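# Analysis of the macromolecular model
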Amino acid sequence: MLHNIAKLCQYRRKVFHILPHVRCATRRQLSTSALESPEVDVALSTGRILKISSGKYARFADGCSVVTIGDTAVMVTAVAKQKSQNASFLPLVVDYRQKSAAAGRIPTNFLRRELGPSEKEILSARLVDRSIRPLFPAEFRYDTQIVCNMLAIDSANPPDVQAINGASAALALSDIPWNGPVGAVRVGLVDNEAIINPTRKEMQLSSLDLVVTATRQNLVVMLEGRGNVVNENELRMAIKKGTKEAQLIINGIERLQKMYGKPKRALEPLPAVDGEIQNAVQTMSEMRLREIFRDYSHDKFSRDQAVSKTRTDTIDKVWSSFPAADPGVISETFNKFVKGVFREMLLEEKRRCDGRGLDDLRKISCSVNLHKPLHGSALFQRGQTQVFCTVALDSPESALRLDPIASLDSGMRSKNFFLHYEFPPYATGETGKIGPIGRREIGHGALAEKGLVPIIPNEHPFTVRLTSEVLESNGSSSMATVCAGSMALMDAGVPVQEAAAGVAIGLITKYENNDTKHLQDYCILTDLLGIEDYMGDMDMKVAGTRRGMTAIQADIKVPGIPLKVVMEALQKSMEARFKILDLMDETIGASRTVRKDCWPVTDRLVIEAHQRAKLLGPGGTNLRRLYLETGVQLTPDDETSFRIFAPSEAAMHEAKEYLENLLKAEKIPDLEFGAIYTARIVELRDTGVMVTLYPSMPPTLLHNSQLDQRKIAHPSALGLQVGAEIQVKYFGRDPVSGYMRLSRKVLQGPATAMIRNLDRPGAAGATAGATTNPTTSGVEDVKS
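In this text, all values refer to a predicted model and were calculated from it rather than measured experimentally. (Residues numbered from 1 in each chain as written. Predicted model: local features only at pLDDT ≥ 70, side-chain atom pairs only at ≥ 80, totals over all residues. Heavy atoms only, no water.)

Now for the overall build of the protein. Counting its regular elements, the protein contains 16 helices and 30 strands. Expressed as a percentage of the 784 residues in the protein, the buried residues total 50%. (Helix = DSSP H or I, 4+ residues; strand = E, 2+ residues; numbered from the N terminus. Buried < 20%, exposed > 50% of the residue type's maximum accessible area, 1.4 Å probe, protein only.)

A few words on empty space enclosed by the protein. Considering all chains together, one arrives at four cavities of 30 Å³ or more under this definition. Roughly 70 Å³ of internal volume is contained in the largest cavity. Lining the largest cavity we find Phe293, Arg294, Tyr296, Phe342, Met345, Leu346, Glu349, Arg351, Arg352 and Cys353. Of all the elements in the fold, those that place two or more residues in the lining of the largest cavity are α6 (275–294) and α8 (327–349). Tallying contributions element by element places α8 first for the lining of the largest cavity, with four residues. Considered class by class, the residues forming the lining of the largest cavity number six nonpolar, no polar and four charged. When its volume is computed, the second largest cavity comes out at roughly 60 Å³. For the second largest cavity, the full set of lining residues is Ile69, Asn157, Pro158, Val161, Gln162, Arg186, Asn197 and Pro198. (1 Å grid on protein atoms, 1.4 Å probe; cavity = no way out; pocket = protein on both sides within 12 Å on 5 of 7 lines; lining within 4 Å. Points joined across faces, edges and corners; volume = space filled by probe spheres on them. Nonpolar A, V, L, I, M, F, W, Y, C, P; charged D, E, K, R; others polar.)

Let us look at the environment of Lys300. Mapped onto the elements, Lys300 comes out in helix α7 (residues 300–321). For Lys300, a relative accessible area of 18% gives the class buried. If we ignore the near neighbours within four places in the chain, the residues touching Lys300 are Gln384, Ser473 and Asn474. (Contact = heavy atoms within 4.5 Å.)

Each regular strand shows side chains that alternate between the opposite faces of the sheet. Most of strand β18 (residues 501–510) sits out of view: nine of its ten residues are buried. For β18 and strand β19 (residues 521–526), the ladder comprises six bridges, and the chain directions are antiparallel. Directly across from Lys510, in β19, lies its bridge partner Asp521. (Pairing = 2+ DSSP bridges.)

In sheet architecture, strand pairing relies on hydrogen bonds along the backbone and comes in two forms, parallel and antiparallel. Spatially, β8-β7-β9-β10-β21-β20-β18-β19 is the arrangement adopted by the eight strands of the open sheet, whose pairing is antiparallel. Edge strands, defined here as strands with exactly one partner in the open sheet, are β8 (193–196) and β19. This sheet shows a mean twist of 20 degrees between the axes of neighbouring strands, independent of strand direction. By the bridge criterion, seven bridges tie strand β20 (residues 538–544) to strand β21 (residues 549–556) in an arrangement that is antiparallel. Bridge pairing links Gly544 to Met549 in β21. (Axes fitted to C-alpha atoms, helices over the stretch in contact; angles between N-to-C directions.)

Next up on the list: the packing of aromatic side chains. Tallied over the entire structure, the rule returns eight aromatic pairs. With 5.8 Å between their ring centres and 75 degrees between their planes, Phe462 and Phe645 make a pair best called edge-to-face. Of this pair, Phe462 sits in the loop between α10 (439–452) and β17 (463–472) while Phe645 sits in strand β24 (residues 641–646), and the two are 183 residues apart along the sequence. You'll find Phe462 and Phe645 in the same group, each marked buried. Ring-pair connections join several aromatic residues into one group, and the members of that group are Phe136, Phe140, Tyr142 and Trp178. (Phe/Tyr/Trp six-rings, centres within 6.5 Å; stacked < 30°, edge-to-face > 60°.)

This part covers the nonpolar core. If you look at the biggest cluster of nonpolar residues, it comprises 93 residues, and the most contacted ones within it are Phe380 and Met540. The dominant element in this core, judged by the number of residues it contributes, is helix α13 (residues 563–588), at eleven residues. The residue makeup of this core includes at least three contributed by each of domain 1 (39–260) and domain 3 (364–586). Ala78, Ala102, Ile132 and Leu171 belong to the second largest nonpolar core, which has 35 residues in total. (Core = buried A, V, L, I, M, F, W, Y, C linked by side-chain atoms within 4.5 Å. Domains from an automatic or database assignment.)

A turn of α-helix holds 3.6 residues, and therefore any two residues three or four places apart point the same way. With 20 residues, α6 extends 27 Å from end C-alpha to end C-alpha; this agrees with the ideal 28 Å at 1.5 Å per step. Approximately 45 degrees is the largest bend angle found in α6, and it occurs at Ser285. For α6, every residue scored as buried is listed here: Ile277, Ala280, Val281, Ser285, Leu289, Arg290, Ile292 and Phe293. Buried positions along α6 lie against α7, α8 and α12 (530–535). Of the residues flanking the start of α6, the one acting as N-cap is Asp274, its side-chain oxygen 3.1 Å from the backbone nitrogen of Glu276. (Expected span 1.5 Å × (residues − 1). Bend = angle between axes of the 7 residues up to and from the residue. Polar contact = N/O pair within 3.5 Å; in protein donor to acceptor, adjacent residues only side chain to side chain.)

On to the pairing of β17, then. Sheet topology note: the strand β13 (residues 385–394)/β17 ladder contains nine bridges and is antiparallel. Counterpart to Phe388 in the pairing with β17 is Glu469. Both strand β16 (residues 417–422) and β17 contribute to a ladder of six bridges, which runs parallel. Following the sheet pairing, Leu419 is matched in β17 by Leu466.

Moving on, we get to the pattern of salt bridges. Scanning all chains against the criterion turns up 42 salt bridges. In this structure, the salt-bridge partner of Arg382 is Asp527, at a minimum N-O distance of 3.8 Å. Residue Arg382 is located in strand β12 (residues 376–382), and its partner Asp527 is located in the loop between β19 and α12; the two are separated by 145 residues in the primary sequence. When salt bridges that share partners are traced, they join Lys120, Asp160, Arg186, Asp209 and Arg226 into one network. (Salt bridge = Lys/Arg side-chain N within 4 Å of Asp/Glu carboxyl O.)

What follows is about α7. The terminal C-alpha atoms of α7 lie 32 Å apart, and with 22 residues this matches the ideal 32 Å at 1.5 Å per residue to within 8%. Regarding α7, the residues found buried are Lys300, Arg303, Ala306, Val307, Thr310, Thr314, Ile315 and Val318. Here the buried residues of α7 occupy an arc of 165 degrees about the axis, which is enough to place them on one side. In α7, the exposed residues that point more than 90 degrees away from the buried face are Gln305, Lys309 and Ser320. Residues of α7 that are buried make contact with α6, α8 and α12. The opening residue of α7 is Asp299, an N-cap whose side-chain oxygen sits 3.3 Å from the backbone nitrogen of Phe301. (Arc of directions from axis to C-beta.)

Moving on, we come to the sheet that holds strand β1 (residues 39–43). As summarised here, the arrangement of the six strands in space is β1-β2-β3-β4-β6-β5, forming an open sheet in which the pairing is mixed. The outermost strands of the open sheet, each flanked by one partner alone, are β1 and β5 (92–97). Geometrically, the sheet is characterised by an average inter-axis angle of 15 degrees between neighbouring strands, direction not taken into account. Alignment of strand β3 (residues 63–69) against strand β4 (residues 72–80), held across seven bridges, turns out to be antiparallel. Looking across to β4, one finds that Ile69 is bridged to Thr72.

For the protein, mean pLDDT is 85; residues scoring 70 or higher make up 89% of the total. In the model, residues 11–35 has pLDDT below 50 throughout and makes three contacts with residues more than four positions away in sequence or in other chains. Note that pLDDT drops below 50 for residues 761–784; the model gives that stretch 39 contacts with residues more than four away or on any other chain. (pLDDT = per-residue confidence, 0-100.)

The final tally for this structure, using the stated rule, is zero disulfides. Here Cys366 stays unpaired: no disulfide links it, and the sulfur of Cys483, its closest cysteine neighbor, is 8.4 Å away. Residue class for Cys366 comes out buried when judged on its relative accessible area of 18%. (Disulfide = S-S within 2.5 Å.)

Written as C-alpha cells, this is what we have:
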C-alpha cells in the first residue's frame, strides 16, 4: 500500500510539472490564431487596392469585417438573434457612427464626446440599409443589427461606401441567412471619364457623385447620387461602369466566404397556411378587390377604406368558417392576396388604380408668391401630394457650419444653401407627436437638397434656407419638394438659370425562384402613387433640369434588377420631367421679373483706418445698436472695409443714415508730409503726451522717444503741461494702425520748414525759419 501511495505522489508531481507547459502552449496557440487575419485584396480598375479582412476584431459577433482603402478603415459587425420575434417584417437596424478619434480629433461639444447621430451618420446608415435589406430571405424575421465603426479616416477616401462593402462581407462570413454578397463603388465623372472610388480632391473636380450597389450577374440593388446637371447618357455610362466594377468586390468577398465563412443557420419556416383558408380568402375577396382597383373615382382615403372594409368582412367570414384558425394568419393571408391582385391587374391590364396609363402624370397645379412677407414661396400640387415651400434669405454669417468630421468627409466647412423637410402627421390624415426630426425626413430632405444645389449660383451674397412642408402626401413628396423648391427660389429672386423638377418611377415585376435576372414580365410606372410604392418593387426618384440629372435615388425591394430595366426607367423619368417643367415654366415665368420690397440687400462700406474705432464703438456697441434698431449687420472684410447686410431696402437706408451721422465730422485739414504744426497738449501719460493739431481731432500719442533728443522717463522732465503748445513735425499716418506719426525730437535744431498752427483758424501768413527754438511763442501762425 505504501508502495502504491509513493507511485501516486510521483505521478501527481509529473502531472503538475507538465501542466503549466501545456497551458502556456495553449495560450500561445490561441494568441497566434487570434492574430491571424484572413484577408483578400481587390484590385480596382483605377489601380487602387481595396482590402477586406476578418477574424481579428469583434469575434463574439456573428460576422465581422474590416474594409481598408488608403488609410481609411471601417469595421462592420453583424449580429442576429437566434429566436424570431414573430414579426411580420424584417427588424433590421443599421447604425453608422463617425468617430472623431478616427480622424485624430476631439469633439467640440461641451461633453467632448460623440453624442446622438448626426445627419451625415443617418444618411450613411440609410445607404447601407437600402443596399443589404433586399437580399434577406422572406422567412428571415430575426432582430438583426449592423454596426459600422470608423477605425481610421484619412482626408482622401470617404468611408460610407466602404461601410456597404463591410456590411456585405460581415453578412457573407456570418451564419446569418443572406442572399449576398453585394459590392458597392462610388463613381465620379471628370472630363467625361468615369472614375471609380475617386478621392476627395478628385470629387471636387467631378460633376457626378454616384454610389452604385450591385449583386451577381450585374443586377442593380441600390443607386444614390447627385450630379451637376449630368447628361443622361453620361449617367447611364456611369451606372454600367459602377455595376461592372462592383463584380470585382463581390468576387473578393466570395473568395473570403469560401475559405472562412460560417455555415448558414437553418431558417424556421413560416407557419403554413391551410389551402382551404387561402381558397376561402380568394373566393370572398377577389371580385370585390378587383372592383375597388377598377373604380377610378376612388382617391387615397376612399380606396383605403374600401380595402379595409373588405379585409374586415373577409376575416370575419373566414374565421366563422374556420374557428380554429388564427385571425392574424388570416389577416396576413389577405394582405398577401391583395398585393398579388394589385400587381396582377397592373401586369394584365396596363391600367393603374386611378385610371392613368403607365406613363401618365397626375394632374399638376402650382402657384407662387403666396404671402407678402415671405422672400419666396410656392405651392406644388400633384394629385393628392401637396408641398408648400418657403425661402428665407439671410446674411452669410447664417451659413450652416459643419462639424469637423463632416468637413473632412465632404471637403466643405459650411453651406450657404440648405433645405429642411417636414412631414407632419396630418399630411396622411393621422395623429402623432411632432418632435425631433426623424430619419425619413432627413433622408428625403437631403435628396431634395441634392436636386436643387446645382441650380444655385456659387457666388450668391446671401445664405438661403429652403423649408418644405408636406401638407398632403400620396407618393413622391420629396420630388414634389424639388419642384416647389425650384419655383420658390425663383420667386425669391435667387438667380437660378433654369428650373429643376423631380419624378418618382415605380416597377412591378414577375419572376420565379428569386431569379430577377430573367424577368417573366414587368411594367414601369411613371409618377408613383403611395399604394404603388407599397405594393411595388422599386421607387426610383430622379430630379434634374432640361439639360440633365441633378439627383437620383433608387430604392429597390427585390434582389436586384437588370441594367436594361434601370435604363428604361431613366428614360421614362426624363420624359416625365420635361412635361413637369413645361407646367412650372407657365407659372413662374411672369413673376420672376417682379421685385419684392421684403428682399434683403447688401452693400459695402469703406472707411479710413483711423475711423474704425469710432465706427465700432467701445466693445462693438455701435454695431450691436445698429443691429437691434434696424436689423442690419456689418461684417468686417479687412481693416477698412465692411459688408452691409440689410433685411430690406428701407432698413438699408436707415442704416446708412445712422452710419453717416456716426462718422460725420467737420472737415479735416489736409496735412502736408514733412510740415511743422503747432500741437496742443491735452493729456500727460507715462509713455508720452496726447496732442491735437486742430479742435475736432482725436488726440494722438507723441511718444517719449519723439519728445526730445535726450532719453526721458516722463514728459514732466521737460516741463510740459496740459494746455501747452509745442511744435511737431508730421510724417504721415501709419499704414497699419492709421495713427499720425509726429516728432518733436527732429526739431531740436534750426527750423527747416514753415511752421503751421491749425488751432487758430483766423490766423494767416507764413514764416519760414523764424526762430531756432520751436518751443518759443514767437512763431507766426499759418492758416491751414
